[in-house]
Amino acid sequence: MSPVQNITVLGSTGSIGLSTLDVISRHPERYRAFALTANRNSEALFQQVVKFRPRFAVLREESAAEALRNRLRGTGSDTEVLAGTAGLIAVAEHPAVQQVMAAIVGAAGLLPTLAAVKAGKRILLANKESLVMSGQLFMSAVQESGAQLLPIDSEHNAIFQCMPADFSAGLQRRGVERILLTGSGGPFRTLPLDQFAGVTPDQACAHPNWDMGRKISVDSATMMNKGLEFIEACWLFSAATDQVQVVVHPQSVIHSMVQYVDGSVLAQMGNPDMRTPIAYGLGWPGRLVSGVEPLDLVKVAQLDFQAPDESRFPCLRLAREAMEAGQTASVVLNAVNEVMVDAFLQGAARFTDIPAVIETVLERCPLVDAVDIDTILRADEEARRLAQEHIGVRKT
Ligand code: NAD
Ligand code: MG
């Protein structure tokens with residue numbers, strides 16, 4: 001391995017992407033931003049290219065990529081601009097890359113993240129949707145290629161830190177009783193139930209503790225984020241659904257815990273700042289300065305815990321049931337959720353339509369234990385089509 005590691009940041013203009021570049025820029029002697037990618041925000045990508053001078057930049061549309069190419073030529077930049085899924089895959093599996101930060105939001109992250117896995121990279125996994133969609137396929141690909149999978153989602157990063165090093169031998173064999181997956185409960189933890197239907201996108205995106213992209217912020221407000229994380233935890237740690245317990249912890253200081261058979265509970269704590277798990281992933285097994293403020297427990301003063309209320313947050317139940325029902329149920333859950341969150345953000349659906357439509361489509365879709373990528377992509381497409389029909393019905 002070269003002394004300076006090349007990092008591809010998939011989704012570099014997003015919330016996780018920006019935090020990743022912040023950590024990387026604190027350690028120029030160790031890490032280089034090799035490839036940066038964005039969906040449509042070519043202005044932000046242009047600024048990042050000027051600052052980090054990566055070997056590659058990728059935009060979704062070829063026309064936008066061409067415009068960026070022309071603009072960069074004027075600055076004397078030698079960054080090569082690629083486009084589309086093929087461009088994302090090329091920078092994810094490029095032989096010169098050691099680590100890939102998977103920080104695209106949603107199903108769009110699946111193919112490039114899997115490409116990085118198959119190429120045997122170290123994967124810093126923020127894009128939980130890719131694992132939710134492809135569970136077994138994803139984990140088998142990690143095993144086969146020898147890729148190193150480091151969870152960046154703060155809860156899973158915490159769990160990883162609290163697990164015994166050889167947890168892959170089996171949780172029971174290593175004395176792990178269960179995983180305690182914490183969640184803040186989001187902005188509507190105490191909102192009266194009769195007000196849920198009227199909440200606005202801005203209210204849903206105003207998370208009490210974390211500053212994140214809009215999709216995951218809405219997921220936190222419905223607690224679908226915890227549902228997706230429940231599925232993510234089952235796959236990452238080979239845990240049965242009854243080995244993962246969701247615990248509401250409003251302060252977001254404990255990021256999750258592991259309970260052992262001897263009664264010990266190990267927790268990982270810190271300020272709610274994604275630069276901690278990102279630095280952990282980049283530096284593992286070492287530790288890196290991340291720029292995160294040290295935790296002041298006296299200032300925190302109090303840590304609270306509650307059981308989650310599934311009547312208030314049906315998405316939690318739907319996710320658990322989907323995990324138990326087989327792979328395509330998780331694909332459908334994720335796809336309909338993406339469509340409905342987008343519709344909610346556009347003002348075309350109510351907040352309460354999100355779980356309602358997910359449940360309806362789950363009941364209508366045939367469920368199989370999908371193990372190949374084509375079955376997964378077809379189920380994703382069909383679920384999106386059915387979800388769109390429901391939005392169409394509501395608008396009229
Ligand atoms: P974001 O919306 O801020 O950023 C998403 C990034 O993906 C952007 O760079 C965007 O340009 C790119 N992108 C979006 N759609 C794309 C497409 N179709 N094709 C190619 N690129 C596309 O999202 P975020 O909050 O940074 O979250 C990214 C991922 O990390 C999500 O899967 C989220 O669940 C996960 N995550 C985020 C946080 C957080 O604190 N933000 C915490 C844990 C996990
Ligand atoms: Mg999380």
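No experiment lies behind these values; they were computed from the predicted model shown.

A. Region of the structure containing the domain arrangement of the protein. You can read the domains of the protein as domain 1 (5-151), domain 2 (156-272 + 299-310) and domain 3 (326-396). For domain 1 versus domain 2, the distance between C-alpha centres works out to 27 Å. It is Lys128, Val132 and Pro151 that lose the most area in domain 1 upon contact with domain 2, and together they represent 48% of the buried surface on that side. Counting the contacts that link domain 1 with domain 2 gives two salt bridges. Ionic pairing is found between lysine 128 and glutamate 229, a salt bridge with its closest N-O pair at 2.9 Å. At the level of elements, α6 (128-145) and β7 (148-151) are the ones that each hand at least two residues to the side of domain 1 that touches domain 2. Of the residues forming the side of domain 1 that touches domain 2, the biggest block, seven residues, is contributed by α6.

B. The arrangement of the site of ligand 1 in detail. Near ligand 1 you find 22 residues, and of these Thr13, Ser15, Ile16, Asn39 and Glu129 are the closest. Counting residues per element, the ones that place at least two in the shell around ligand 1 are α1 (15-25) and α6. A class-by-class count of the residues in the shell around ligand 1 yields 10 nonpolar, eight polar and four charged. A domain split of the shell around ligand 1 shows at least three residues from each of domain 1 (5-151) and domain 2 (156-272 + 299-310).

C. Here's a closer look at the coordination of the magnesium ion (ligand 2). Protein ligation of the magnesium ion (ligand 2) involves Asp153 (OD), Glu155 (OE) and Glu229 (OE), the donor distances falling in the range 2.1 to 2.2 Å. The sequence pattern describing where the donors of the magnesium ion (ligand 2) fall on their chain is D-x1-E-x73-E. One end of the pair, glutamate 155, is in helix α7 (residues 154-162); the other, glutamate 229, is in helix α10 (residues 224-236), and 74 residues separate them in sequence. For glutamate 229, a relative accessible area of 1% gives the class buried.

Conventions used here
- Residues numbered from 1 in each chain as written.
- Chains lettered and ligands numbered in written order.
- Predicted model: local features only at pLDDT ≥ 70, side-chain atom pairs only at ≥ 80, totals over all residues.
- Heavy atoms only, no water.
- Domains from an automatic or database assignment.
- Buried area = accessible area lost by both parts, 1.4 Å probe.
- Salt bridge = Lys/Arg side-chain N within 4 Å of Asp/Glu carboxyl O.
- Helix = DSSP H or I, 4+ residues; strand = E, 2+ residues; numbered from the N terminus.
- Near = heavy atom within 4 Å.
- Nonpolar A, V, L, I, M, F, W, Y, C, P; charged D, E, K, R; others polar.
- Donors = N, O, S within 2.8 Å, 3.2 Å for Na, K, Ca; no water.
- Buried < 20%, exposed > 50% of the residue type's maximum accessible area, 1.4 Å probe, protein only.

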